[in-house]
Structure formats: C-alpha cells, structure tokens
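If you want the building blocks of each chain, they are given just below.
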Amino acid sequence: MALSERKLLDALSRTPFVDSTELALILGEPHATVHRTLSGLLAEGLAERISHGTPHLPSSRRHYLTARGIGEAAGFLGFGTPSAFVRAYPVSREWLALLIRRMDAVAAVYRLAASMSPEIDGLRSYVEFHRRGRFDATITLHDGRSFGVVRQGLAYGGGPSTTGCGA
C-alpha cells in the first residue's frame, strides 16, 4: 500500500464523512492528489461515499471507511484487532449513525477546519467530534492551537451555525 493511501486511510479514520476538498485543505495536500488517492480507495473497496448538500453548503460526496478499510487501517496503525481500532476512532456503526444524523453540523465543522488549515506540505489539522462535554467538536491546528466548536440552534432546516471558542 502506498504511503499516500495509508495517510488517507488514517485521515478517513479520524474524519468520517469528509469531502475531498475539505480533506485536501486539512491535510495540506493538493486536491488532485487527494481525489486520485480517494478514487483508488473506492476502487479497492476500502472507502465508500454518500452525497450530501444543504441550502447553505454545496452538494458534495462525503467519504467514509468500509469494513475492509477499517481492517486495513487497523493493521497499519498497529491495532491488534479491528474492534480495538473502532473503539479508538469514530468509525463504529454507532458513531457513523450519530454523525450521519448530524451531517449538516459535521459538514459545517469540516468546512471550518478546512478554512483554518494552512496550505503547507506536511502540516495538518485534526477534527475530533465529542458525544458529551462542552464542545460538539474540537479542531486542532497544525501548530497545536485548539478551538472548540459549539452547535447553536437546531440541527435541521437551514442547518446549524457554529462558533469557535478558544480551548
């Protein structure tokens, strides 16, 4: 498996339902490279995609790992079993069901993370969604600064608004 595929499997493990443009910005990689590597993962059955759009966000294809992709990612990240990997990353059926029900908020958080990410090779930001606590998600930038994201209002209709709070 090429290093770029490994990097992308790791990124999809951390950011399920991200689109290719957001992922390219978060990773600091050219969009064409991310798109080409994602196409390879789709062809190998390691990733899958769904379409999503709102009145406020353009329609996009959002990517996530398949069961086979989870097995591959678990192996190269050093987990003894895929179930141990699923406990550590937001890729379990329960997490994916939770995130897909909140897809408008998930998309808004990824757009925010992408807009805050530098376009510098080798530097990357991280997004982490939370089930409980002060924030719905945190965005950690390449330089270690973190921002909490709190969803305001309802998560349907016109979509949520987000506000960043220094963490």
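Residues numbered from 1 in each chain as written. Predicted model: local features only at pLDDT ≥ 70, side-chain atom pairs only at ≥ 80, totals over all residues. Heavy atoms only, no water.

Caption draft 1: View of the packing of aromatic side chains. Here the structure, examined in full by the defined rule, presents 4 aromatic pairs. When the ring of Phe79 is compared with that of Phe85, the centres are 5.4 Å apart and the planes differ by 80 degrees; the resulting orientation is edge-to-face. Overall, the relative accessible area of 25% leaves Phe79 in the partly exposed class. Phe85 sits in the buried class, given a relative accessible area of 0%. (Phe/Tyr/Trp six-rings, centres within 6.5 Å; stacked < 30°, edge-to-face > 60°. Buried < 20%, exposed > 50% of the residue type's maximum accessible area, 1.4 Å probe, protein only.)

Caption draft 2: Expanded view of the side chain of Ser92. Checked against the element boundaries, Ser92 lands in the loop between helix 5 (82-88) and helix 6 (93-101). Overall, Ser92 belongs to the buried group, its relative accessible area being 10%. In terms of polar contacts, Ser92 uses its side chain to reach the backbone amide nitrogen of Trp95, at 3.1 Å. Setting aside anything within four residues of it in sequence, one finds Ser92 in contact with Val86 and Arg131. (Helix = DSSP H or I, 4+ residues; strand = E, 2+ residues; numbered from the N terminus. Polar contact = N/O pair within 3.5 Å; in protein donor to acceptor, adjacent residues only side chain to side chain. Contact = heavy atoms within 4.5 Å.)

Caption draft 3: Expanded view of the sheet that holds strand 1 (residues 18-19). Here 3 strands make up an open sheet; going across it, the order is 1-3-2 and the pairing antiparallel. Since the sheet does not close on itself, it has two edges, and those belong to strand 1 and strand 2 (47-52), each with one partner. As defined by bridge partners, strand 1 adjoins strand 3 (residues 60-65) across 2 bridges and the pair is classed as antiparallel. Bridged to Asp19 within strand 3 is Arg62. Sitting on the sheet, helix 3 (residues 31-43) is in contact with strand 2 and strand 3, with an inclination near 115 degrees to strand 2. (Pairing = 2+ DSSP bridges. Axes fitted to C-alpha atoms, helices over the stretch in contact; angles between N-to-C directions.)

Caption draft 4: Focus on the nonpolar core. One finds Leu12, Leu23, Val127 and Phe129 to be the most contacted residues of the largest nonpolar core, which totals 38 residues. It is helix 7 (residues 103-116) that contributes the most residues to this core, 6 residues altogether. Ignoring any residue separated from it by four or fewer positions in sequence, one finds Val127 in contact with Arg14, Thr15, Ile26, Val109, Tyr110, Ala113, Thr138 and Ile139. (Core = buried A, V, L, I, M, F, W, Y, C linked by side-chain atoms within 4.5 Å.)

Caption draft 5: Structural context of unusual backbone geometry. Backbone geometry at Phe17 places phi at a positive 70 degrees, although glycine is not the residue there. One can find Phe17 in the loop between helix 1 (3-14) and strand 1. For Phe17, a relative accessible area of 3% puts it in the buried group.

Caption draft 6: How the structure looks around the pairing of strand 3. Counting buried positions over the 6 residues of strand 3 gives 5, a clear majority of the element. Sheet analysis places strand 2 next to strand 3, joined by 6 bridges and oriented antiparallel. From the neighbouring strand, Glu48 faces strand 3, where its bridge partner is Tyr64.

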